[in-house]
Amino acid sequence: MTFREYQELAARTQNPNLTPREQREHALCGLCAEVGEIHSIHQKAYQGHPISIPSLRKEIGDVLWFIGELCDVYNFDMGMIAEENIIKLQKRYPMGFEADKSLHRAEGDV
C-alpha cells in the first residue's frame, strides 16, 4: 500500500462534520494521545509487563491515522512528506547516522 492509498482510505473514517480548525485540533490531540499510549506500553515494561507487540502495532497505526488527518488539514500528500523527510535525512547524514552531525547541525536544520 502506498501512502497515497492509505491517506485516501483513512480519510473515509474522518469526521466530515468538523471544521478545518476542529479537524486540526483533533489530529493534534489524537497524535499526543496515541504517542502517550505507545509510551504507556513501554512504561509498563518497568513494572514487569511484557511489551505487547500487537498493541504496539495498533497504536503505531493510530499515530499514522492522525498524521494522515493532519496532512489532510493542510492538503499535504503523506508520500511527499515522507519523501521530503528522506531527502532531509540524506542531506544531514549522507553516510548514515553520525552523532557528531546530530550534535552540530547547520543553522536552520530542524
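Everything here concerns the structure above.
For clarity, every value in this text was computed on a predicted model and none was experimentally measured. (Residues numbered from 1 in each chain as written. Predicted model: local features only at pLDDT ≥ 70, side-chain atom pairs only at ≥ 80, totals over all residues. Heavy atoms only, no water.)

J.: Talk me through the pattern of salt bridges; I want residue IDs and the actual numbers.
T.: Using the criterion set out here, one finds 4 salt bridges in the structure. For Asp109, the salt bridge goes to Arg92, with nearest N and O atoms at 2.5 Å. With a gap of 17 residues between them, Asp109 in the segment after helix H5 (99-103) and Arg92 in helix H4 (residues 78-92) connect regions that are remote in the sequence. One network of salt bridges, with partners in common, ties together Arg4, Glu8 and Asp77. (Salt bridge = Lys/Arg side-chain N within 4 Å of Asp/Glu carboxyl O. Helix = DSSP H or I, 4+ residues; strand = E, 2+ residues; numbered from the N terminus.)

J.: Explain the environment of Ser52 residue by residue, including any values.
T.: Position of Ser52 relative to the elements: it lies in the loop between helix H2 (20-43) and helix H3 (53-73). In the structure, Ser52 is positioned 43 residues away from Met95 in sequence and 34 Å away in space, judged by C-alpha atoms. At 3.0 Å, the side chain of Ser52 forms a polar contact with the side chain of Ser55. (Polar contact = N/O pair within 3.5 Å; in protein donor to acceptor, adjacent residues only side chain to side chain.)

J.: Tell me about the side chain of Gln7, and please be specific about residues and values.
T.: Relative to the assigned elements, Gln7 resides in helix H1 (residues 3-11). Exposure remark for Gln7: the relative accessible area of 2% places this residue in the buried category. Only 2.6 Å separates the side chain of Gln7 from the side chain of Asp72, close enough to count as a polar contact. Contacts of Gln7, omitting those with residues within four sequence positions, involve Gly68, Cys71, Asp72, Phe76, Asp77 and Met78. (Buried < 20%, exposed > 50% of the residue type's maximum accessible area, 1.4 Å probe, protein only. Contact = heavy atoms within 4.5 Å.)

J.: An account of the nonpolar core is needed here, citing residue identities and associated values.
T.: Soluble globular proteins: nonpolar side chains tend toward being buried together. Counting residues in each nonpolar core, the largest one holds 11 residues, listed as Tyr6, Ala10, Leu31, Ile38, Ile41, Leu56, Val63, Trp65, Phe66, Cys71 and Met78. Listing elements by their share of this core, those giving two or more residues are H1, H2 and H3. Residue contributions to this core peak at 5 residues, all from H3. (Core = buried A, V, L, I, M, F, W, Y, C linked by side-chain atoms within 4.5 Å.)

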